[in-house]
Amino acid sequence: MNTDLTSEQIESYQRDGFVLHRNFLNPQEVQELKTGVMEAVESMGRRKVSTDRADMVDGEKYYDKVFTQRLNLWRINDCVKSYMLSPELGSMLESLENTKFRMWHDQALIKEPFGNPTAWHLDNPYWSFYSKNAVSIWIALEPATLENGCMWFSPGSHRLARYDNSGIGQNLADLFNVYPEMAEIDPVAVPMQPGDCSFHNGLTAHGAGANMTRGRRIAMTCAYMPEGSTFNGQRNILPDSYFNSLTVGDTLENDDWNPRL
Ligand SMILES: O=C(O)CCC(=O)C(=O)O
Ligand SMILES: [Fe+2]
């Protein structure tokens, strides 16, 4: 793992709300992580979440055709776990946001051949905590190109964002009805080769195009929660028993579900 971020990369992340980091994984590591990810994905069948939430399964709706989405692979695959919870990755996140992190959730996002675009959205409004410092990593395990739906980011949008959620629906631009100022920003496409990754802040607007090719766009991603974040009442990925035990304002510090990096 190439875990060195330059001061230029850190500055650019803090200014724009995202940054590209090439060759984060070498070809051998890409192969190793991809094997772990694909094993976990296959073992889950049509279930979206690894160890609970049997209610969340793939259907045939529009959103199911945006990507094959499989969450919390780290709980069932030690290889995935060792990458997503690696202390070196934790140090990278800390250098970007000047805070310590816990796992929120990981997700494999496979945009299948001819898959729908990923509408512009913000991540943090989905989650069970609100923070200006949450961050996600998005790792390409296959080439991500303009043709197959690479990521696009809206530089500086994190500074305009609130916690209102536009969702990820059929209208690519719904986000801009909620935040019209963001429609004034020129988006930046971030094509990647396998092993490249990006980091984006939980409030940075982003999306991805359709997959116009016959190949799968395979990415492994993970969202991280700043240490000390508190419960905002939203369920998101929380398991039943834990969700039911929480009161708004409680610190999310369950070492089983949200381990430290
Ligand atoms: O991979 C995609 O198409 C979208 C990814 C995304 O929204 C994210 O990683 O937060
Ligand atoms: Fe997202």
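Here, the structure is the one placed above.
Just so it is clear, the model here is predicted, and its values are computed rather than measured. Residue indices follow the written sequence of each chain, beginning from 1 at its first position. Each chain is given a letter, starting from A, and each ligand a number, starting from 1, according to the order in which they appear as written. Since the coordinates come from a predicted model, pLDDT governs what is reported: local features require at least 70, and pairs of side-chain atoms require 80 or more to be given and counted, while whole-chain, interface and lining totals use all residues.

1. Some thoughts on the sheet that holds strand 1 (residues 18-21)
Let me state the cut-off plainly: Two strands make a pair as long as DSSP finds a minimum of two bridges between them. A helix here means a DSSP run of H or I that spans at least four residues, while a strand means a run of E at least two residues long, and both kinds are numbered starting from the N terminus. The angle between two axes is taken between their N-to-C directions and runs from 0 to 180 degrees, where each axis is a line fitted to C-alpha atoms and a helix contributes only its stretch in contact. By the convention adopted here, residues make contact when the C-beta atoms placed from their backbones lie within 7 Å.
Ordered in space as 1-8-5-10-3-2, the six strands form an open sheet in which the pairing is antiparallel. Edge strands, defined here as strands with exactly one partner in the open sheet, are strand 1 and strand 2 (68-71). Strand-to-strand, the axes of this sheet are offset by a mean angle of 20 degrees, without reference to chain direction. Pairing geometry for strand 3 (residues 101-111) and strand 10 (residues 217-226), over 10 bridges, is antiparallel. Bridging across to strand 10, Ala-108 finds its partner in Met-220. This element, helix 1 (residues 7-16), spans strand 1 and strand 8 (197-201) of the sheet and lies at about 145 degrees to strand 1. With respect to the sheet, helix 2 (residues 27-43) is in contact with strand 2, strand 3 and strand 10, its orientation differing from that of strand 10 by roughly 90 degrees.

2. As for unusual backbone geometry
Stated formally: Every C-beta atom is placed from the backbone, and the number of other C-beta atoms within 10 Å of a residue's own sets its class: buried at 20 or more, exposed at 12 or fewer, partly exposed in between.
In this model, Arg-53 sits at a positive phi of 55 degrees, which is unusual for a non-glycine residue. Residue position: Arg-53 is located in the loop between helix 2 and strand 2. Here Arg-53 falls in the partly exposed class, since 17 other C-beta atoms lie within 10 Å of it.

3. Looking at the site of ligand 1
Stated precisely, the cut-off is as follows: Put plainly, near means the residue's C-beta atom, positioned from the backbone, lies within 6 Å of the molecule or strand in question. Only Asp, Glu, Lys and Arg are considered charged, only Ala, Val, Leu, Ile, Met, Phe, Trp, Tyr, Cys and Pro nonpolar, and every remaining residue, Gly among them, polar.
With respect to spatial proximity, the complete set of residues near ligand 1 consists of Phe-67, Leu-109, Lys-111, Thr-118, Asp-123, Ser-136, Trp-138, Gly-149, His-206, Ala-208, Ala-219 and Thr-221. Taken together, the elements giving at least two residues each to the shell around ligand 1 come down to strand 3, strand 5 (135-140), strand 9 (206-208) and strand 10. Its residues assigned to classes, the shell around ligand 1 shows five nonpolar, five polar and two charged.

4. A few points about helix 2
Rules: Here the expected span of a helix is defined as 1.5 Å times the quantity of residues minus one. When we speak of the arc, we mean the arc of directions from the helix axis to the C-beta atoms.
Between its first and last C-alpha, helix 2 extends 24 Å over 17 residues, near the 24 Å set by a 1.5 Å rise per residue. Buried residues of helix 2: Val-30, Leu-33, Lys-34, Gly-36, Val-37, Ala-40 and Val-41, and no others. Summarising the axial view, the buried residues of helix 2 lie within an arc of 165 degrees, below the 170-degree limit, and thus occupy one face. What points out from helix 2, more than 90 degrees from its buried face, is the exposed set Pro-27, Gln-28 and Glu-42. Those residues of helix 2 hidden inside the fold are in contact with strand 2, helix 3 (78-84), strand 3 and strand 10. Two residues or fewer past helix 2, Gly-45 is found with a positive phi of approximately 55 degrees.

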